[in-house]
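An overview of the molecular structure
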Amino acid sequence: MSAQELGNEIYTLKVNGQSHPVKDAWIGESLLYVLRERLGLPGAKGACEQGECGSCTVVMDSQAVCSCLVMAAAAVDTEILTVEGLGENGSLTDIQQAFLAAGGVQCGFCTPGFIVAVHHLLDSNPEPSDDQIRESLSGNICRCTGYGRILEAVKIVISQRDAS
Amino acid sequence: MVEVNLHGRQPQTVINLRRVEELHEWSHRHTQQTVTIGSAVPYSVMETGKIAELVPALAQAARTVGSPQIRAAGTLGGNLGTCSPAGDSLPVLSALNAVIHLIGPQGTRDVAWGEFMLGVKKNALGSGEFVHSITVPVIQGWQGYAKVGTRNAMVIATASACLVRDTEEGLISIALGSVGPTIIRCSQAEKWLRKTTSLRAGAQINADLAVEFGRRVSDEATPIDDHRSTAAYRRHCVAILAQRLLVRSLA
Ligand SMILES: Cc1cc2nc3c(=O)[nH]c(=O)nc-3n(C[C@H](O)[C@H](O)[C@H](O)COP(=O)(O)OP(=O)(O)OC[C@H]3O[C@@H](n4cnc5c(N)ncnc54)[C@H](O)[C@@H]3O)c2cc1C
Ligand code: FES
Ligand code: FES
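Here we summarise the structure given alongside this text. Since the model is a prediction, treat every value here as computed from it, not as a measurement.

So, about the overall build of chain B. Of regular secondary structure, chain B possesses 11 helices and 11 strands. In terms of overall size, chain B behaves like a compact globule, its C-alpha atoms giving a radius of gyration of 18 Å where 251 residues would be expected to give roughly 18 Å. Along the first, second and third principal axes, the C-alpha atoms of chain B reach 55 × 45 × 30 Å. Here chain B holds 251 residues, and 54% of them are scored as buried. Sequence-distant contacts in chain B: of pairs separated by 6 or more residues, those separated by 24 or more amount to 59%. In the form shown here, chain B has an accessible surface area of approximately 11,800 Å², with 50% of it arising from carbon and sulfur atoms.

As a further point, take the state of the cysteines. Residues and elements named next belong to chain A. Within the structure shown, the criterion is met by zero disulfides over all chains. The thiol sulfur of Cys 66 is not disulfide-bonded, and the nearest other cysteine sulfur, from Cys 56, lies at 4.5 Å. For Cys 66, a relative accessible area of 2% translates into the label buried.

Another aspect to go through is the interface of chain B and chain A. One frequent convention defines the size of an interface as the accessible area lost when the parts assemble. At the junction of the two partners, chain B supplies 24 residues and chain A supplies 34 residues. A per-residue breakdown of the area chain B buries against chain A is headed by Met 1, Arg 18 and Gln 69 of chain B, which together make up 28% of the total. The interface formed by chain B and chain A contains one salt bridge. For Arg 71 of chain B, the salt bridge identified is with Glu 135 of chain A, shortest N-O distance 2.5 Å. Summed over the shared surface of chain B and chain A, the number is five residue pairs in polar contact (both at pLDDT 80 or more). For the side of chain B that touches chain A, the secondary structure elements donating two or more residues are α1 (2-6) and α5 (68-73) of chain B.

In this section: the sheet that holds strand β5 (residues 79-81) of chain A. All names here are of chain A. The sheet built from five strands is open, its strands ordered β2-β1-β5-β3-β4 with mixed pairing. Two strands lie at the open edges of the sheet, namely β2 (18-22) and β4 (63-66), each paired on one side alone. With strand direction ignored, the average angle separating the axes of adjacent strands in the sheet is 40 degrees. Where strand β3 (residues 57-60) lies against β5, two bridges are found, and the strand directions are antiparallel.

Ranked by size, the top nonpolar core spans 71 residues in total, and within it Leu 13 of chain A together with Phe 116 of chain B carry the most contacts. Once you skip the residues sitting within four places of it in the chain, Phe 116 of chain B turns out to touch Leu 80, Cys 83, Ile 100, Leu 102, Val 111, Lys 122, Asn 123, Ala 124, Leu 125 and Val 131 of chain B. Membership of the second largest hydrophobic core comes to 28 residues, among which are Val 148, Trp 192, Ala 221 and Ala 242 of chain B.

Residues and elements named next belong to chain B. On the surface, Ile 15, Leu 17, Val 20 and Phe 130 cluster together into a nonpolar patch covering about 340 Å² of accessible area. Following the sequence through the fold, Val 20 ends up in the loop between α1 and β1 (26-29). The class of Val 20 is partly exposed, set by a relative accessible area of 32%.

Before going further, it helps to spend a moment on the site of ligand 1. Of all residues adjacent to ligand 1, which total 27 residues, the nearest are Tyr 43, Thr 75, Asn 79, Asp 88 and Val 131 of chain B. In this structure, ligand 1 sits where chains A and B come together, each supplying nearby residues. Between ligand 1 and Ser 39 of chain B there is a distance of 3.3 Å, counted from a nitrogen atom to a side-chain nitrogen or oxygen. Between Asn 79 of chain B and ligand 1, the recorded distance is 2.9 Å, taken from a side-chain N or O atom to an oxygen atom. Surface burial for ligand 1 is 70%, taken as the share of its 970 Å² of free accessible area covered by protein chains. Mapped onto the shell around ligand 1, the elements with two or more residues apiece are α5, α6 (76-82) and β7 (130-137) of chain B. The leading source of residues in the shell around ligand 1 is α6 of chain B, at five residues. Considered class by class, the residues forming the shell around ligand 1 number 11 nonpolar, 13 polar and three charged.

Cut-offs applied
- Residues numbered from 1 in each chain as written.
- Chains lettered and ligands numbered in written order.
- Predicted model: local features only at pLDDT ≥ 70, side-chain atom pairs only at ≥ 80, totals over all residues.
- Heavy atoms only, no water.
- Helix = DSSP H or I, 4+ residues; strand = E, 2+ residues; numbered from the N terminus.
- Rg over C-alpha atoms; globule rule 2.2 N^0.38 Å.
- Buried < 20%, exposed > 50% of the residue type's maximum accessible area, 1.4 Å probe, protein only.
- Contact = heavy atoms within 4.5 Å.
- Areas by Shrake-Rupley, 256 points an atom, 1.4 Å probe, with all protein chains shown as cover.
- Disulfide = S-S within 2.5 Å.
- Buried area = accessible area lost by both parts, 1.4 Å probe.
- Salt bridge = Lys/Arg side-chain N within 4 Å of Asp/Glu carboxyl O.
- Polar contact = N/O pair within 3.5 Å; in protein donor to acceptor, adjacent residues only side chain to side chain.
- Pairing = 2+ DSSP bridges.
- Axes fitted to C-alpha atoms, helices over the stretch in contact; angles between N-to-C directions.
- Core = buried A, V, L, I, M, F, W, Y, C linked by side-chain atoms within 4.5 Å.
- Patch = residues over 30% accessible without salt bridge, like charges linked within 9 Å, V, L, I, M, F, W, Y side chains within 5 Å.
- Near = heavy atom within 4 Å.
- Nonpolar A, V, L, I, M, F, W, Y, C, P; charged D, E, K, R; others polar.

Structure (structure tokens):
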């Protein structure tokens, strides 16, 4: 597809189970940009826009990826899950509640990325070791908490889920 | 995407390989003892599982790339397309004498690793050509990849090395990353080691010999000073990496 051809063409992205037509987009737009600026889903945050910080993390076809590095037009036919799609009817998930309880949220800028990454981690590995938690969150940067409270939050969720 | 987001690159045409299924596949040929990996298979698939069993050094290299998010998206095709001397899969492809399968308007062709990487971010891809897949042998014997960087995650290699020990053939191959304009295959050090000692199964190597091997490997590096490190430190790193990998290969 050339830029001209795509000019007014519509492509469709499937985000949080819903189909969203994207109109008048430029071919070089990232998924992060399209989610935030065109689809009204500002949960994923943009900081570095080069894959280093993880604040833009979304799940695409069951893989956590940096939405800033995905070309939106190339995400057609994938299932995209953003932080907005995690809780039911706007309620907080157990992971979000644990982040609040443990003090894992300070300025909050990194939080949506961490929340998505932790959801993805615990979906694929419900009982991760400390090393596995650290490894799986190594692509998410937080400048405020020092990470201890974030690890704490993940462990709270693991033990709560174990108990229930 | 980083070029587009931050450096004002404006693509006019985009080719989306996501739906080209054969590029996402990999296979193990038992008769030839080879593994062929599609150019769009992500690192996350190589890190564990069957590929990791068959080509452990590739799995180790894959595990050191960026972060889980980067490994879910990044591919060998992208590492070969970029052809940075710091590309983590490249020393492995070099040490294993990988064959790169290309496809383009003129048809398909196979390029040996030695003819693929031509310089910093320069490769043998012709206009309109792209990497279809990569074939590496399944080797009897130890293989490993080691990388030095400023952190444990999300770090570009200051220096790296891959060593493969083929106990059937009695050969050791070693290739270095981030210490020259291309990946450096240390053929002099390899030859010296082969002449000096037996490398077949059960062979022992003494500590002095490993140190000397490291020194000879580092003599073949051509590192530079840049914003990431100095030439002297990189030379030191590859000597230590080579020495350690050799010792591990015989443990
Ligand atoms: C935050 C971050 C951290 C990173 N860390 C590392 C690291 O630790 N180690 C490392 O080695 N790399 C690292 N990289 C670089 C990158 O992830 C790798 O080079 C990866 O292999 C790129 O794969 P890709 O499929 O995403 O390629 P893309 O980014 O899609 O493409 C890269 C280039 O290769 C070309 N290309 C892609 N596929 C093909 C093909 N099949 N045939 C021909 N050309 C092709 C593209 O046209 C483009 O020029 C990092 C990148 C980021 C953003
Ligand atoms: S904004 Fe995507 S990783 Fe930083
Ligand atoms: S809470 Fe501020 S960056 Fe993490």
